[in-house]
Amino acid sequence: MMASSLLFHTFIDGFFPLRFPSHDSSCLLVHRGHFPPSSFPSNRHHIVPSAQSSPVFINSSNCTLLGDEEPSLEMYNRWIRDRCRAGDIDEAMALLSQMEAKGFIPSPLSYSCLMESLGALGRTSECELLFLEMSILGIRPPLRLFNVLLRGFLRKGQLGLSCRLLAVMDALGIHKNRESFEILLDYYVSAGRLDDTWSIINKMRRQGFELTSYVYSRVIGIYRDNGMWKKAIAIVIDIKEMGMLPDHHIYNAVIDSFGKHGELSEALEVFEKMKQEGVTPNVNTWNSLIRWHCKAGDLGMAVDLLTSMQVQGLCPDPKIFTTIISRLGEQGKWDLIRENFQYMKHRGHEDSGAIYAVLVDIYGQYGRFQDPKECICALKSEGLQPSTSIYCLLANAYAQQGLWEQTLKVLQLMEEDGIEPNLIMLNVLINAFGVAGKYLEALSIYHHMEEIGISADVVTYSTLMKAFIRARKFEKVPQIYKEMEAGGCTPDRKARQLLETALTVLEQKNG
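Residues numbered from 1 in each chain as written. Predicted model: local features only at pLDDT ≥ 70, side-chain atom pairs only at ≥ 80, totals over all residues. Heavy atoms only, no water.

1. Looking at the overall build of the protein chain
Within the protein chain one finds 27 helices and zero strands. Taking contacts inside the protein chain between residues at least 6 apart in sequence as the whole, the part at least 24 apart equals 64%. (Helix = DSSP H or I, 4+ residues; strand = E, 2+ residues; numbered from the N terminus. Contact = heavy atoms within 4.5 Å.)

If you want it as structure tokens, here you go:
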């Protein structure tokens, strides 16, 4: 056990030195209490421990004290877990700061709840810090927290950090479980790395993990993304020969494969076969069919599918709303848009209907765009309190049109509501500037992210590269690509394609 502990601390010392130069526990709250510039006000209530500091407690129904009662360690731990379950991670982090300021040490369960909540939101930097705190306190993180970090690193394309994390797991004798392997599988499929995908599958076989329909669906997905859709279909035949009945994972992967390669009639045939076999289409099934019919220009079928989906009691991803509204709006079919909106309201999809209505306002009738503030007010008047995801959705709707001023306004409204801008929102803003041809402004957002301590991910770099290509600043693309690699992000298929495009143009210019 002693050797294992030393090994773990050796890993921590090598893992965090650039981010957190001091491992003194008295500095931990200072690091966690990082305040962004005034343009990005934080709604957290961190405090730094000192002889003079006094905790200021969160106004929460779960954090009420009677009289002069002092909160106990058990109370703090319970409040933190309750706040995490309620989705109030900022309040949970504030409570953590307060309890540590009083000299209390959180329980392993509290750390787990915090890290899992932060990981689900993509806030991996804070996950890393909590991971560090646990190690300093001698708490050995369980496998599920290694998986939280692994997923967070890979979502940001930080393959190098992920490999180091896996190496430490091996050295500590912490064996990967099915979730670990599936996290790696998702990453390699998304990055288009066929050989690495098969390597993970073979490791799963050697370690006795049964290959599920989910695993096979990811294999189908990587064949699809590499243009080998016939091989993808062959996988389905192999599955049937093994006696495995296709479920929604398999059917969705096959439908998406046909759709991506323009074989829409085949996609619909598989859809019908799916229903005949007693497999109920889920939201992903409908979204895939609607998306590919929109892309093919068959808006009539896309709207029919949207209507059928709602008849089944399902509501599409708001991104699908954006796609349909924009395509119908381009053709001036506003009556059809309003008809669909009314149908949604009658079907009882109130929240989604409100979002749909606001998106209609964003795209506007006949080229007229509403002010973002009016859109947010419209949402609130429908009784829907905008969340981070809704703000990102609205900002993206403007960004896709190159309306950078409106996109920036959404960001400001988000801050006024006390919601801290996240990586997704800043990526959307980079895209808005890029679409508008304002590559210098896009670059300034990237530099601002560095200043406030938000780590760029693969999407950030790819979006910035695309902005330079749109502005015909091809010579800047290789530079951003190198920064992506230097920042620990492993380029995905899209990033490699953008680099190849830029290098081809530069070669033609030089030739």
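Next comes the rest of the description.
2. Digging into the environment of Leu 443
With respect to the helices, strands and loops of the structure, Leu 443 is situated in helix 24 (residues 439–451). For the pair Leu 443 and Ala 467, spaced 24 residues apart in the sequence, the C-alpha separation amounts to 8.8 Å. If we skip the residues at most four places from it in the chain, Leu 443 touches Leu 464 and Phe 468.

3. Focus on the packing of aromatic side chains
On inspection of all chains with the given rule, the structure shows nine aromatic pairs. Where Phe 131 meets Phe 146, the ring centres are 5.3 Å apart and the plane angle is 85°; that geometry is what we call edge-to-face. Pair noted here: Phe 131 is in helix 6 (residues 124–136) and Phe 146 is in helix 7 (residues 143–155), with a separation of 15 residues, a long-range link. Assigned by exposure class, Phe 131 and Phe 146 land together as buried. Aromatic pair Tyr 439 and Phe 468: ring centres 5.8 Å apart, planes at 55°, arrangement tilted. Pair noted here: Tyr 439 is in helix 24 and Phe 468 is in helix 25 (residues 458–470), with a separation of 29 residues, a long-range link. (Phe/Tyr/Trp six-rings, centres within 6.5 Å; stacked < 30°, edge-to-face > 60°. Buried < 20%, exposed > 50% of the residue type's maximum accessible area, 1.4 Å probe, protein only.)

4. A closer look at the pattern of salt bridges
Scanning the model with the defined rule gives 14 salt bridges in all. Residues Arg 83 and Glu 91 are paired through a salt bridge, measuring 3.8 Å at the closest nitrogen-oxygen approach. On the basis of relative accessible area, Arg 83 is assigned to the buried category, the value being 7%. Across the pair Asp 170 and Lys 176 runs a salt bridge, and its minimum N-O distance is 3.7 Å. What makes Lys 176 buried here is its relative accessible area of 17%. Residues participating in the shared-partner salt-bridge network are Arg 83, Asp 88 and Glu 91. (Salt bridge = Lys/Arg side-chain N within 4 Å of Asp/Glu carboxyl O.)

5. Description of the environment of Phe 131
Residue class for Phe 131 comes out buried when judged on its relative accessible area of 0%. Separated by 15 residues in the primary sequence, Phe 131 and Phe 146 place their C-alpha atoms 9.0 Å from one another.

6. Things to note about the nonpolar core
If you look at the biggest cluster of nonpolar residues, it comprises 81 residues, and the most contacted ones within it are Ile 80, Leu 114, Met 115, Leu 130, Ile 220 and Ile 290. Top contributing element to this core by residue count: helix 7, with eight residues. The residues contacting Ile 80, other than those within four sequence positions of it, are Ala 92, Leu 95, Leu 96, Met 99, Ser 110 and Leu 114. In this structure, Ala 471, Val 477, Leu 499 and Leu 506 belong to the second largest nonpolar core, which totals 51 residues. (Core = buried A, V, L, I, M, F, W, Y, C linked by side-chain atoms within 4.5 Å.)

7. A short note on the side chain of Asp 492
Looking at where Asp 492 falls in the secondary structure, it is placed in the loop between helix 26 (476–486) and helix 27 (493–510). As a buried residue without a salt bridge, Asp 492 has its nearest oppositely charged side chain in Arg 496, at a separation of 6.2 Å. Excluding residues within four positions of it along the chain, Asp 492 makes contact with Ala 191, Val 458 and Ser 462. (Lys, Arg positive; Asp, Glu negative; His and termini not counted.)

8. Thoughts on unusual backbone geometry
Positive phi is not limited to glycine here, since Arg 472 has a value of about 60°. Along the chain, Arg 472 turns up in the loop between helix 25 and helix 26.

9. Section: helix 14 (residues 264–276)
For helix 14, spanning 13 residues, the distance from its first C-alpha to its last is 18 Å, which sits close to the expected 18 Å at 1.5 Å a residue. Of the residues making up helix 14, those classed as buried are Leu 264, Ala 267, Val 270, Phe 271 and Met 274. The buried residues of helix 14 all sit within an arc of 115° when viewed along its axis, so they share a single face. Opposite the packed face of helix 14, turned more than 90 degrees from it, sit the exposed residues Glu 269 and Gln 276. Within two residues after helix 14, Gly 278 carries a phi angle of roughly 85°, on the positive side. (Expected span 1.5 Å × (residues − 1). Arc of directions from axis to C-beta.)

10. So, the packing of helix 13 (residues 248–260) against helix 15 (residues 283–295)
Where helix 13 meets helix 15, the axes come as close as 9 Å, and the angle between the chain directions of the two elements is 5°. In terms of their interaxial angle, helix 13 and helix 15 are classed as roughly parallel. For the pair helix 13 and helix 15, contact is made by Asn 252, Ile 255, Asp 256, Gly 259 and Lys 260 and by Asn 284, Thr 285, Ser 288, Leu 289, Arg 291 and Trp 292, respectively. The residue inventory of the contact of helix 13 with helix 15, partitioned by class, reads three nonpolar, five polar and three charged. (Axes fitted to C-alpha atoms, helices over the stretch in contact; angles between N-to-C directions. Parallel < 35°, antiparallel > 145°, perpendicular 65-115°, else oblique. Nonpolar A, V, L, I, M, F, W, Y, C, P; charged D, E, K, R; others polar.)

11. Brief notes about the environment of Arg 155
Position of Arg 155 relative to the elements: it lies in helix 7. In this structure, the C-alpha to C-alpha distance between Arg 155 and Ser 190, residues 35 residues apart in sequence, is 9.8 Å. When neighbours within four sequence positions are excluded, Arg 155 is seen to be in contact with Gly 119, Ala 120 and Asp 457. Looking at Arg 155, its side chain comes within polar contact range of the main-chain oxygen of Gly 119, at 3.3 Å. (Polar contact = N/O pair within 3.5 Å; in protein donor to acceptor, adjacent residues only side chain to side chain.)

12. Comments concerning helix 15
Helix length check: helix 15, at 13 residues, gives a terminal C-alpha distance of 18 Å against a target of 18 Å (1.5 Å per residue), a fit within 8%. Those residues of helix 15 not exposed but buried are Thr 285, Trp 286, Asn 287, Ser 288, Leu 289, Ile 290, Trp 292, His 293 and Cys 294. Residue Asn 282 occupies the N-cap position of helix 15, its side-chain oxygen lying 3.2 Å from the main-chain nitrogen of Asn 284. Remark: Gly 297 follows helix 15 within two positions and exhibits a positive phi of approximately 85°.

13. Section: the confidence of the model for the protein chain
Regions with low pLDDT should not have their predicted coordinates read in detail. In this model, the protein chain carries a mean pLDDT of 77, and residues with pLDDT of at least 70 account for 78%. This model gives residues 1–12 a pLDDT under 50, and the stretch forms 20 contacts once residues within four places in sequence are excluded. For residues 16–62, every residue scores under 50 in pLDDT, and the model assigns this stretch 95 contacts once sequence neighbours within four places are set aside. (pLDDT = per-residue confidence, 0-100.)

14. A word on the packing of helix 21 (residues 388–399) against helix 23 (residues 423–435)
In the contact formed by helix 21 and helix 23, the axes pass within 9 Å of each other and the chain directions differ by 10°. Put simply, helix 21 runs roughly parallel to helix 23. On helix 23, the residues touching Tyr 391, Cys 392, Ala 395, Asn 396 and Ala 399 of helix 21 are Ile 424, Met 425, Val 428, Asn 431, Ala 432 and Val 435. The class makeup of the residues in the contact of helix 21 with helix 23 is nine nonpolar, two polar and no charged.

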